[in-house]
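Close look at the chain arrangement
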Amino acid sequence: MTETTHQQPAGAPRTGDGDRSPEYRLAQNALQGLRQDLFHDPFAYRPMGPRPTTGPLLRRLPTRIRTAAERLPHAVVGAIALLTLLIGAVSGSEPGGDARALLTGLLCALPVVATLTRPVGAFWLSIAVSPVTALLNGGGSDWPWMPGAFVSHLTVLVVVALRTRPRTAVWMWVVTAAYAILSDIFIGGSYYYTNGGPMLVTSAFALLVVCLWHVRHTAQQEVTAQQTVTAQERSRRTLLEERTTIARELHDVVAHHMSVVAIQAEAAPYRVANPPEELERAFATIRENAVAALTELRRILGVVRAEDYEAPDAPQPTLADLDALLVNVRDAGPAVEKVVTGAVRELPPGVELSAYRIVQEALSNSLRHAPGASARVEIGYVLGGLGVRVVNGPMPAPSLVKPSPGAGHGITGMRERVAMLNGEMTAGPTEDGGYEVAVFLPVTAVNEGDA
């Protein structure tokens, strides 16, 4: 491979923005920002929206006052416009005494009112009004801003900066400084007292505060968005972890019973003297299907096991183990009552395991959030399934143990267990200040003829 390098002659001009100097590109970007912020459709209709009432203080106000607070910025702008009208009308050569004074006040108030609908246009209107009000009151001593125009322009700068962004505030201050300097050089001369310096200093401090508010507000929005994303990811991770736990438990239960089916199908022909060939083939088919189902189950659900997960040595708990669980809870202090209604019968292992875990988690939440409160566990055997209800009372007033906050993972896990069994669940506070968890787990009845 041969590489050839072509050198450009020294006198040849460069083409393209990539060949420009960094200073040139910086100036070009700055001019593009100026055109976009102040010259691109400046009189476009952009009405001021209502004030958000989602703050911690405004949420507590009555509805009527909260609705009125939405228009508080509009009322403030209107009040300042009225103030500039009065200042402009009484600060002329003949304060409040002729049509020129009234016209001066109206011209000072007009840009302030325009900030409600056309913010950028209001800035240019304020720049245009300033020399007009100064010429209408030729006997005044302030240049280039009369007192009313001074208040009007400062208000316009702040309101427009609040409604736009920090870069627009910087450009407005630069244009204001250019106007003050040029008006002093070409129009004002040495016969007038110039207030361009006070305007630039005052507006610089005001716009600096507005820019800092913008930065803080943007940072708060980013933090809130990040916290929302984090909470969603945490909830999703909790849901996946709970599903993983449930899948492990169901895997153990189903795998155990499928193994029993396979062993019994293999041993059944030896328990019958001279079994028919059809019976042997039927049992062989049952065993093959059971082994195939067990293999497929382990292949699919086995992926949810962590590498360091070890299967429990003890069998999975059932409703028969609730008494031992309640004894452990009573040892922690609170009184727990158990009530069983209906005809007690054996239920599918998945239903009994889920019911046990739901009671366990509900009592754990009671100990965590309402230490010392009494609890009641109700187990109802009905025709279509199993009802579970766990209710705890309010936390005793003189309690030495303080409640510990939780992340809501327990309720999420309970809902996930109920959803996997096509059940129903409600959870919420009670009227007396306690908490109630009610669950119904459906159980399909098996007829003896179908066995």
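Just so we're clear, the structure is a prediction, and the values are computed from it rather than from any experiment. (Residues numbered from 1 in each chain as written. Predicted model: local features only at pLDDT ≥ 70, side-chain atom pairs only at ≥ 80, totals over all residues. Heavy atoms only, no water.)

A closer look at the overall build of the protein
When its secondary structure is counted, the protein shows 12 helices and 7 strands. Residues counted as buried form 33% of the 451 residues belonging to the protein. Taking all contacts inside the protein whose residues are at least 6 apart in sequence as the whole, residues at least 24 apart take part in 72%. (Helix = DSSP H or I, 4+ residues; strand = E, 2+ residues; numbered from the N terminus. Buried < 20%, exposed > 50% of the residue type's maximum accessible area, 1.4 Å probe, protein only. Contact = heavy atoms within 4.5 Å.)

Let's talk about helix α3 (residues 72-90)
For α3, with 19 residues, the first-to-last C-alpha span of 27 Å sits near the 27 Å given by 1.5 Å per residue. His74, Val77, Ala81, Thr84, Gly88 and Ala89 are the residues of α3 that are buried. With its buried residues spanning 125° around the axis, α3 presents them on a single face. Facing away from the buried side of α3 by more than 90 degrees, the exposed set consists of Leu82 and Val90. Where α3 is buried, its residues meet α4 (99-114) and α6 (147-163). (Expected span 1.5 Å × (residues − 1). Arc of directions from axis to C-beta.)

Quick word on the nonpolar core
Counting 35 residues, the largest nonpolar core has Leu38, Val77, Phe123, Trp145, Val156, Ala161 and Met172 as its most contacted members. Contributing elements (two or more residues each) for this core: α1 (22-39), α3, α4, α5 (119-136), α6, α7 (166-188) and α8 (196-267). By size, the runner-up hydrophobic cluster in this structure holds 28 residues, among which are Leu326, Leu363, Ala375 and Val377. (Core = buried A, V, L, I, M, F, W, Y, C linked by side-chain atoms within 4.5 Å.)

Structural notes on the pairing of strand β6 (residues 424-429)
Pairing of β6 with strand β7 (residues 435-442) involves 6 bridges; the strand directions are antiparallel. Among the inter-strand pairings, Pro429 is bridged to a residue of β7, identified as Tyr435. Between the end of β6 and the start of β7, which pair antiparallel, lie 5 residues, with Gly433 showing a positive phi angle near 95°. (Pairing = 2+ DSSP bridges.)

Description of the side chain of Thr133
Here Thr133 is to be found in helix α5. Setting aside chain neighbours within four positions, we find Thr133 in contact with Thr104, Leu107, Cys108, Met146 and Ala149.

Re the environment of Arg357
Mapping Arg357 onto the fold places it in helix α11 (residues 349-369). Each C-alpha atom, one on Arg357 and one on Leu319, is 9.5 Å from the other, the two residues being 38 residues apart in sequence. Only 3.1 Å separates the side chain of Arg357 from the side chain of Gln360, close enough to count as a polar contact. (Polar contact = N/O pair within 3.5 Å; in protein donor to acceptor, adjacent residues only side chain to side chain.)

Comments concerning the sheet that holds strand β4 (residues 375-382)
Taking strand neighbours across the sheet as the criterion, the 5 strands line up as β3-β4-β5-β7-β6 in an open arrangement whose pairing is mixed. Lying at the two open borders of the sheet, with one neighbouring strand each, are β3 (336-341) and β6. Looking at each pair of strands side by side, their axes are set apart by 10° on average, direction ignored. Seen against the sheet, helix α10 (residues 322-331) touches β3 and β4 and runs at an angle of roughly 160° to β3. (Axes fitted to C-alpha atoms, helices over the stretch in contact; angles between N-to-C directions.)

Overview of the packing of α4 against α5
Direction vectors running N to C along α4 and α5 enclose 165°, while the axes themselves pass 8 Å from each other. With respect to their mutual orientation, α4 and α5 come out roughly antiparallel. Every pair of crossing elements has a handedness; the one defined by α4 and α5 is left-handed. Of the residues in α5, those in contact with Arg100, Leu103, Thr104, Leu107, Cys108, Leu110, Pro111 and Ala114 of α4 are Pro119, Ala122, Leu125, Ser126, Val129, Val132, Thr133 and Leu136. (Parallel < 35°, antiparallel > 145°, perpendicular 65-115°, else oblique. Left-handed = near helix turned anticlockwise from the far one by under 90°.)

Some thoughts on the pairing of strand β5 (residues 385-392)
Most of β5 is tucked away, with 6 of its 8 residues classed as buried. When β4 meets β5, the two strands line up antiparallel, connected through 8 bridges. Among the inter-strand pairings, Val382 is bridged to a residue of β5, identified as Gly385. Connecting the antiparallel pair β4 and β5 is a turn made up of 2 residues.

Comments concerning the packing of α1 against α5
Orientation of α1 relative to α5, taken along the N-to-C sense of each, is 95°, at an axis distance of 9 Å. When the axes of α1 and α5 are compared, the pair comes out roughly perpendicular. Contacts between α1 and α5 pair Asp37, Leu38 and Phe39 from the former with Val120, Phe123 and Trp124 from the latter. Grouping the amino acids of the contact of α1 with α5 by side-chain chemistry returns 5 nonpolar, no polar and 1 charged. (Nonpolar A, V, L, I, M, F, W, Y, C, P; charged D, E, K, R; others polar.)

Here's the deal with the side chain of Thr155
Tracing the sequence through the fold places Thr155 in helix α6. For Thr155, a relative accessible area of 13% corresponds to the buried category. A distance of 2.8 Å separates a polar side-chain atom of Thr155 from the backbone oxygen of Val151.

Some words on the packing of aromatic side chains
Think of a pair of aromatic rings as described by two things: how far the centres are apart, and how the planes are tilted against each other in angle. Within the structure shown, the criterion is met by 3 aromatic pairs. Between Trp145 and Tyr179 the ring centres are 5.4 Å apart and the planes differ by 70°, which places this aromatic pair in the edge-to-face class. You can see Trp145 sitting in the loop between β1 (142-143) and α6 and its partner Tyr179 sitting in helix α7, a full 34 residues away along the chain. Comparing Trp145 with Tyr179 shows no difference in burial state: the two are buried. (Phe/Tyr/Trp six-rings, centres within 6.5 Å; stacked < 30°, edge-to-face > 60°.)

Quick notes on the confidence of the model for the protein
Confidence in the prediction of the protein, expressed as mean pLDDT, is 80, and 79% of residues score 70 or more. Taken as a whole, residues 1-6 scores under 50 in pLDDT and shows 0 contacts with residues more than four places along the chain or in a different chain. The model gives residues 447-451 a pLDDT under 50, and that stretch makes 0 contacts with residues more than four places away or in other chains. (pLDDT = per-residue confidence, 0-100.)

Remarks on the pattern of salt bridges
Considering all chains together, one arrives at 8 salt bridges under this definition. A salt bridge links Glu378 to Arg376, with the nearest nitrogen and oxygen atoms 2.6 Å apart. Each member of the salt-bridge network shares a partner with another, and the members are Glu337, Arg376, Glu378, Arg389 and Glu436. (Salt bridge = Lys/Arg side-chain N within 4 Å of Asp/Glu carboxyl O.)

Brief notes about the environment of Arg163
The residue Arg163 is located in helix α6 in this model. Among the residues examined, Arg163 registers a relative accessible area of 26% and is labelled partly exposed. A polar contact of 3.1 Å, which involves the side chain of Arg163, links it to the backbone oxygen of Pro47. Within polar-contact distance, the side chain of Arg163 engages the backbone oxygen of Thr115 at 2.7 Å.

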